[in-house]
Amino acid sequence: MAPADAAPCLDDLPCPAPDRVAARGKVALVLLALAMGGFAIGVTEFAAMSVLPDFAAGLGVDEPTAGHVISAYAAGVVVGAPILAVLGARLPRWLLLIGFMALFAVGNGLSALAPTYEWMLAFRFLSGVPHGAYFGVAALVAASLVPLRLRTRAVSTILLGLTVATVIGVPIANAVSHAFGWRWTFAIVSLLAVLTMALVVLFAPRDPARPEATPLRELGALKRSQVWLTLGVGAVGFGGMFAVYAYLASTLKAVTGVGPEVMPWVFAVFGIGMTAGNLLGAWAADRFGMAAAGGLLLWSAAALALYPFAAPHLWSMLIVVLLIGGGGGLGSILQTRLMDVAGDAQTLAAALNHSAFNTANAIGPLLGGMAVAAGWGWTSTGWVGVALTLGGFAVWAVAWLTGRRTQQSDA
């Protein structure tokens, strides 16, 4: 039995009391190690979009076609997250984190060396395979270190690494791409992954193996309707942000009329909005639960609707891009919602959250690229974003209503 002052846990293992862990000076170091992995993933995921015009030219394809490289990465996340989560359910989580980062380092290193567009598609798919599983396991480790009432904020710390990447990492990657070539962007990410592996070795708690965590038990999460609805909110609703972000660099160039020296600053502004949204979203989730997701989706829809009107002017683009970035707070809200509704299938559910978001990462750029290719202009991605975000809100409404009915019937 766990000690009386132990933090509530999300699985069958006792958790250390947070004050004891903090007394050893380890909580912050563990979260730093996990957040570094989030930073590396954030750089590769968002920088690939920001340098899209560069690698499109380098690989000899047009920009809408190059957008499929982003979708390939997202497809890797969607496929890899459930497979790795189920197969690794019994293993110690610290070992899983190291293994996932090793695969991530290899995939990005190969992306830096891709000789053709077709090879780039394959290597980006490989890079995406460990993405969701890493975040899912890292979220469970972070949540196990704190009381249940603070778990969203602990989880958001890992996602904060991803959002900080959009403020610092992506603009730097964008500048490096323009100065030295786009291949260096992916090479740097590979090095960041190796650094994460070292930090996990040094600081992550050495949890034991979990022989009771069978693949069949993990798959039990798929029987729960609230799990599927929560995943649907992310898969559809987050697509709106990605529809715009994937072609933001092209829009800034063709519509706003700014040069490459200004683009890193715009992406940094997006990252600031995403960081603020992540922090506020985590606070709102701990206070209001799933209701916070509905409010954030409406915020995103309104911001995306302003995008086509803001695009011709840099000052208005900076404001709207900041507002759109705020929608990134949806991630931590849905992560903890899945912990609530997944029962004892925590690893799979936590990983599937990122499969859902990268389904959005595949759908958004795909539909946005189709709108551009159809001749509707770069700003049409904003209207695609509005439609996807409102679609996510509709799924959220179903999840909210059915969840309340279930609670009332249980009462």
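Rules used throughout
- Residues numbered from 1 in each chain as written.
- Predicted model: local features only at pLDDT ≥ 70, side-chain atom pairs only at ≥ 80, totals over all residues.
- Heavy atoms only, no water.
- Phe/Tyr/Trp six-rings, centres within 6.5 Å; stacked < 30°, edge-to-face > 60°.
- Helix = DSSP H or I, 4+ residues; strand = E, 2+ residues; numbered from the N terminus.
- Lys NZ or Arg CZ within 6 Å of the ring centre and 35° of its normal.
- Buried < 20%, exposed > 50% of the residue type's maximum accessible area, 1.4 Å probe, protein only.
- Contact = heavy atoms within 4.5 Å.
- Polar contact = N/O pair within 3.5 Å; in protein donor to acceptor, adjacent residues only side chain to side chain.
- Expected span 1.5 Å × (residues − 1).
- 1 Å grid on protein atoms, 1.4 Å probe; cavity = no way out; pocket = protein on both sides within 12 Å on 5 of 7 lines; lining within 4 Å.
- Points joined across faces, edges and corners; volume = space filled by probe spheres on them.
- Nonpolar A, V, L, I, M, F, W, Y, C, P; charged D, E, K, R; others polar.
- pLDDT = per-residue confidence, 0-100.
- Patch = residues over 30% accessible without salt bridge, like charges linked within 9 Å, V, L, I, M, F, W, Y side chains within 5 Å.
- Areas by Shrake-Rupley, 256 points an atom, 1.4 Å probe, with all protein chains shown as cover.
- Salt bridge = Lys/Arg side-chain N within 4 Å of Asp/Glu carboxyl O.
- Axes fitted to C-alpha atoms, helices over the stretch in contact; angles between N-to-C directions.
- Parallel < 35°, antiparallel > 145°, perpendicular 65-115°, else oblique.
- Core = buried A, V, L, I, M, F, W, Y, C linked by side-chain atoms within 4.5 Å.
- Left-handed = near helix turned anticlockwise from the far one by under 90°.

Draft legend 1. Quick peek at the packing of aromatic side chains. Within this structure, the stated rule accounts for 12 aromatic pairs. Each ring, one from F393 and one from W396, has its centre 5.2 Å from the other, and the planes form 25 degrees; the classification is stacked. Pair noted here: F393 and W396 are both in helix 19 (residues 380-410), with a separation of three residues, about one helical turn. Among the aromatic residues, those joined into a ring-pair cluster are F55, W182 and F186. Sitting over the face of the ring of W94, R206 holds its NZ or CZ atom 4.1 Å from the ring centroid.

Draft legend 2. Highlighting the environment of P205. Within the secondary structure, P205 sits in the loop between helix 9 (183-203) and helix 10 (215-219). According to the relative accessible area criterion, P205 is partly exposed, its value standing at 33%. Ignoring sequence-local partners within four residues, the contact set of P205 consists of V30, W94 and V141.

Draft legend 3. Representation of the side chain of T381 within the structure. Tracing the backbone through its elements, the reader meets T381 in helix 19. A polar contact is formed between the side chain of T381 and the backbone oxygen of W378, at a distance of 3.0 Å. If we skip the residues at most four places from it in the chain, T381 touches A243, V244, Y247, Y307, G368 and V372.

Draft legend 4. Structural view of helix 9. An ideal rise of 1.5 Å per residue puts 30 Å on 21 residues; helix 9 measures up with 31 Å between its terminal C-alpha atoms. Taken residue by residue, helix 9 has T185, F186, V189, S190, L192, A193, T196, L199 and V200 as its buried positions. If you follow the buried residues of helix 9, they end up packed against helix 2 (27-50), helix 5 (93-112), helix 6 (117-128), helix 7 (131-143) and helix 8 (151-180).

Draft legend 5. View of the side chain of Q335. Inspection of the secondary structure puts Q335 in helix 17 (residues 330-341). Apart from the residues lying within four places of it in its own chain, the contact partners of Q335 are A139, V155, A350, N353 and H354.

Draft legend 6. The arrangement of empty space enclosed by the protein in detail. For the structure shown, the criterion picks out four cavities of 30 Å³ or more. Considering only enclosed or pocket space, the largest cavity measures out at about 170 Å³ in volume. What lines the largest cavity is a set of 15 residues, among which L159, L162, F238, M274 and F357 lie closest to the centre. Looking at the lining of the largest cavity, the elements with two or more residues in it are helix 2, helix 8, helix 14 (263-288) and helix 18 (346-376). The class makeup of the residues in the lining of the largest cavity is seven nonpolar, seven polar and one charged.

Draft legend 7. Region of the structure containing the confidence of the model for the protein chain. Here the protein chain shows a mean pLDDT of 82. Residues at 70 or above account for 88%. Ranking the helices and strands of the protein chain by mean pLDDT puts helix 5 first, with 94, and helix 1 (residues 18-23) last, with 41.

Draft legend 8. Quick look at the environment of A356. When you line up the elements, A356 lands in helix 18. Under the relative-accessibility criterion, A356 is labelled buried at 5%. For the pair A356 and F238, spaced 118 residues apart in sequence, the C-alpha separation works out to 8.7 Å. If we skip the residues at most four places from it in the chain, A356 touches L231, G234 and A235.

Draft legend 9. View of a nonpolar patch on the surface. Judged by side-chain polarity, V79, I83, L87 and F125 come together as a nonpolar surface patch covering roughly 370 Å² of accessible area. Here the element with the most residues in the nonpolar patch is helix 4 (residues 63-87); it accounts for three residues. By secondary structure assignment, the location of I83 is in helix 4.

Draft legend 10. Structural context of the packing of helix 11 (residues 225-237) against helix 17. With their axes 9 Å apart at the nearest point, helix 11 and helix 17 run at an angle of 170 degrees to one another. With respect to their mutual orientation, helix 11 and helix 17 come out roughly antiparallel. Of the residues in helix 17, those touching helix 11 at Q226, V227, T230, L231, V233 and G234 are L334, R337, L338 and V341. Looking at the contact of helix 11 with helix 17, its residues break down into six nonpolar, three polar and one charged.

Draft legend 11. The nonpolar core, seen in detail. L34, F46, Y134 and I324 are the most contacted members of the largest nonpolar core, which totals 103 residues. Among the elements that make up this core, the one with the highest residue count is helix 2 (14 residues). Not counting residues up to four positions away in its chain, the partners in contact with L34 are L97, Y134, A138, V141, A142 and I158. Membership of the second largest hydrophobic core comes to 14 residues, among which are A85, L338, V341 and A351.

Draft legend 12. Representation of the packing of helix 2 against helix 9 within the structure. Orientation of helix 2 relative to helix 9, taken along the N-to-C sense of each, is 165 degrees, at an axis distance of 9 Å. As judged from the angle between their axes, helix 2 and helix 9 are roughly antiparallel. Crossing handedness for the pair helix 2 and helix 9: left-handed. Listed contacts from helix 9 to L29, V30, A33, M36, G37, F39, A40, V43, T44, A47 and A48 of helix 2 are T185, F186, V189, L192, A193, L195, T196, L199, V200 and F203.

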